[in-house]
Amino acid sequence: MRIAVMAAGAVGGYFGARMAAAGHDVAFVARGAHRDAIRTKGLIVESPLGNLHLKDVNATDDPRAVGPVDVVLFAVKLWDTEAAAEQTRPMVGPNTRVITLQNGVDSVEHIAPILGDDHVIGGSTYIVTTIAEPGVIRHSGPGARIVCGRLDGRDDGTLNRYAAEFKAAGIDFNVTTTMKTDMWKKFVLLSGTSGITASTRRTIGDILADPDMKNLFHKLMSEAVAVGRASGVDLPANYADEQMKTAQGFPPSMRASMANDLNNGNRLELDWLAGKVVELGHKFSVPVPASEVIYAVLKPYRMGRPD
Ligand SMILES: NC(=O)C1=CN([C@@H]2O[C@H](COP(=O)(O)OP(=O)(O)OC[C@H]3O[C@@H](n4cnc5c(N)ncnc54)[C@H](OP(=O)(O)O)[C@@H]3O)[C@@H](O)[C@H]2O)C=CC1
Ligand SMILES: CC(C)(CO)C(=O)C(=O)O
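Conventions used here
- Residues numbered from 1 in each chain as written.
- Chains lettered and ligands numbered in written order.
- Predicted model: local features only at pLDDT ≥ 70, side-chain atom pairs only at ≥ 80, totals over all residues.
- Heavy atoms only, no water.
- Salt bridge = Lys/Arg side-chain N within 4 Å of Asp/Glu carboxyl O.
- Helix = DSSP H or I, 4+ residues; strand = E, 2+ residues; numbered from the N terminus.
- Buried < 20%, exposed > 50% of the residue type's maximum accessible area, 1.4 Å probe, protein only.
- 1 Å grid on protein atoms, 1.4 Å probe; cavity = no way out; pocket = protein on both sides within 12 Å on 5 of 7 lines; lining within 4 Å.
- Points joined across faces, edges and corners; volume = space filled by probe spheres on them.
- UniProt positions renumbered as here; feature names shortened; annotations may be inferred.
- Domains from an automatic or database assignment.
- Contact = heavy atoms within 4.5 Å.
- Buried area = accessible area lost by both parts, 1.4 Å probe.
- Polar contact = N/O pair within 3.5 Å; in protein donor to acceptor, adjacent residues only side chain to side chain.
- Nonpolar A, V, L, I, M, F, W, Y, C, P; charged D, E, K, R; others polar.
- Expected span 1.5 Å × (residues − 1).
- Core = buried A, V, L, I, M, F, W, Y, C linked by side-chain atoms within 4.5 Å.
- Near = heavy atom within 4 Å.
- Areas by Shrake-Rupley, 256 points an atom, 1.4 Å probe, with all protein chains shown as cover.
- Pairing = 2+ DSSP bridges.
- Axes fitted to C-alpha atoms, helices over the stretch in contact; angles between N-to-C directions.

Observations regarding the pattern of salt bridges
Phase 1 of the analysis: Inspection of the entire model under this criterion finds 17 salt bridges.
Phase 2 of the analysis: Two residues, D25 and R2, come together in a salt bridge whose shortest N-O distance is 3.2 Å. Taken as a pair, D25 in strand 2 (residues 25-29) and R2 in strand 1 (residues 2-6) lie far apart in primary sequence, 23 residues in all.
Phase 3 of the analysis: With a relative accessible area of 29%, R2 lands in the partly exposed category.

Focus: empty space enclosed by the protein
Phase 1 of the analysis: Taken as a whole, this structure holds 1 cavity of 30 Å³ or more when the rule is applied.
Phase 2 of the analysis: Counted as a void, the largest cavity has a volume near 40 Å³.
Phase 3 of the analysis: Looking at the largest cavity, the residues that line it are S191, G195, L220, A274, V277, S291 and I294.
Phase 4 of the analysis: Of all the secondary structure elements, the ones that give two or more residues to the lining of the largest cavity are helix 6 (179-200), helix 11 (274-284) and helix 12 (289-298).

Re the UniProt feature "domain: Ketopantoate reductase C-terminal" (unreviewed entry) in the chain
Phase 1 of the analysis: Under the present numbering, the feature "domain: Ketopantoate reductase C-terminal" (unreviewed entry) in UniProt falls on residues 179-301.
Phase 2 of the analysis: End C-alpha to end C-alpha, residues 179-301 measures 31 Å, and it is 69% helix and 0% strand.

A word on the domain arrangement of the chain
Phase 1 of the analysis: Split by domain assignment, the chain resolves into domain 1 (2-177) and domain 2 (181-301).
Phase 2 of the analysis: Each of domain 1 and domain 2 was reduced to a C-alpha centroid, and the two centroids are 25 Å apart.
Phase 3 of the analysis: Each partner contributes to the interface: domain 1 provides 20 residues, whereas domain 2 provides 22 residues.
Phase 4 of the analysis: Summing both sides of the interface, domain 1 and domain 2 together bury roughly 1,900 Å²; the carbon and sulfur share of this comes to 63%.
Phase 5 of the analysis: Considering only the side of domain 1, the residues that lose the most area to domain 2 are W79, V105 and Y126, jointly responsible for 34% of the buried surface there.
Phase 6 of the analysis: Across the domain 1-domain 2 interface, the total number found is 2 salt bridges.
Phase 7 of the analysis: Between the two partners, domain 1 and domain 2, sit 6 residue pairs in polar contact (both at pLDDT 80 or more).
Phase 8 of the analysis: The dominant element in the side of domain 1 that touches domain 2, judged by the number of residues it contributes, is strand 8 (residues 120-126), at 5 residues.
Phase 9 of the analysis: By residue class, the composition of the side of domain 1 that touches domain 2 is 9 nonpolar, 9 polar and 2 charged.

A few points about helix 1 (residues 10-21)
Phase 1 of the analysis: Compared with an ideal rise of 1.5 Å per residue, which puts 12 residues at 16 Å, helix 1 spans 17 Å between its outermost C-alpha atoms and is within 8% of the ideal.
Phase 2 of the analysis: The buried fraction of helix 1 amounts to 9 of the 12 residues, a majority that puts the element mostly inside the structure.
Phase 3 of the analysis: All of the buried residues along helix 1 are A10, G12, G13, Y14, F15, G16, A17, R18 and M19.
Phase 4 of the analysis: Downstream of helix 1 by one or two residues, G23 has phi in the positive range, about 105°.

Points about the nonpolar core
Phase 1 of the analysis: The biggest cluster of nonpolar side chains holds 67 residues, and the ones touching the most others in it are F74, M91, L115, W184 and F217.
Phase 2 of the analysis: Element by element, the count of residues in this core is highest for helix 6, at 9 residues.
Phase 3 of the analysis: A domain-level breakdown of this core finds at least three residues from each of domain 1 (2-177) and domain 2 (181-301).
Phase 4 of the analysis: Residues within four places of L115 in sequence aside, it is in contact with A85, T88, R89, V92, V98 and V120.
Phase 5 of the analysis: Counting 34 residues, the second-largest nonpolar core is a separate cluster that includes L73, A75, I146 and I171.

A word on the site of ligand 1
Phase 1 of the analysis: Near ligand 1 you find 25 residues, and of these R31, Q87, N103, T129 and E269 are the closest.
Phase 2 of the analysis: Between A10 and ligand 1, the recorded distance is 2.9 Å, taken from a backbone N or O atom to an oxygen atom.
Phase 3 of the analysis: At 2.8 Å from an oxygen atom of ligand 1 is found a side-chain nitrogen or oxygen belonging to R31.
Phase 4 of the analysis: Here ligand 1, which alone exposes 890 Å², has 84% of that area covered by the protein.

Here's the deal with the sheet that holds strand 1
Phase 1 of the analysis: Pairing in this open sheet of 8 strands is mixed, and the strands run 5-2-1-6-7-8-11-12 from one edge to the other. At either margin of the open sheet sits one strand with a lone partner, and together these are strand 5 (58-60) and strand 12 (172-175). Averaged over all adjacent pairs, the angle separating strand axes in this sheet is 25°, with direction ignored.
Phase 2 of the analysis: Against the sheet, helix 3 (residues 81-88) touches strand 1, strand 6 (69-74) and strand 7 (92-100), its axis set at about 170° to strand 6.

Focus: the site of ligand 2
Phase 1 of the analysis: The local shell around ligand 2 consists of N103, T125, Y126, I127, V128, K186, L190, T193, M254, A256 and S257.
Phase 2 of the analysis: Within the side chain of N103, a nitrogen or oxygen atom sits 2.9 Å from an oxygen atom of ligand 2.
Phase 3 of the analysis: One of the backbone N or O atoms of I127 is found 2.9 Å from an oxygen atom in ligand 2.
Phase 4 of the analysis: Its free accessible area being 290 Å², ligand 2 has 97% of it covered by the protein chains.
Phase 5 of the analysis: Contributing elements (two or more residues each) for the shell around ligand 2: strand 8 and helix 6.

Laid out in structure tokens, this is it:
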């Protein structure tokens, strides 16, 4: 298969590297020092699921040089979505599927008007990765799972064929006909983990061991469930309990990607996470006091570490 990773950061680089290691033709779109390091030293993945060091990697900042591919793994931060989707156009041919691995619940609605409904597939990924240094992606376990599918629930034979290749490469890759709900399920988990690990600067292990932090974590997930249900998403009212069990399976040292971004002084996806819960809470008159507090305390850092 021909695959393009747009772009080869912590998430895209991880899954792209796994597919390249399985023998697929993968183009890694990257920029700056990260692109330069991949070109000169190769792409390194450190992972409990197996380390990789790919040499002679096709790393480029020019999607026009890549041309049409079978699959685009779309994994830029949410503020880069529209610009990256515009740049993706030359990589989309008649049978291309663009699978978004971004967090949040509104990625598809921003990409589809640019690249076309037929091409864009909703996705969620359960993984914890960071760019440890340019050219090096660090994956902290336990898993690396992708769930994807059309938001309208339509079965897609082309996507199913591509999915078989991801599975054959050893990736935990699942196609679903209930993607909208599945995206919200991930959003519930992330609303809790991102809000609590970033605001407290503590690990999930510390949070689960403390009744007050654990209670706030549960409230954040419950508020995401409540605004999802108010938006018409088919989530059980007690779904936060389910995701609490998922969190109990994380390694105790786990922090959500937004907490890692905060720690590194990077911009935050806050507006698409706690900010989204607050926006929908106000829209549907659903009380979201815990999410409002998380949004307010992290707001000074949303554009990166203030001077
Ligand atoms: N990391 C994680 O554990 C998880 C992340 N996610 C989600 O996945 C998405 C991607 O996150 P993540 O991989 O962590 O982010 P990263 O910042 O690690 O990767 C994004 C990369 O894309 C690059 N980039 C953006 N636009 C372009 C462009 N036009 N051309 C070339 N390169 C570009 C960025 O470069 P630059 O740095 O120069 O901007 C950066 O290297 C987010 O929505 C995140 O929430 C989901 C699950 C887990
Ligand atoms: C909640 C989690 C860890 C699940 O993979 C995640 O998506 C993130 O940190 O961005």
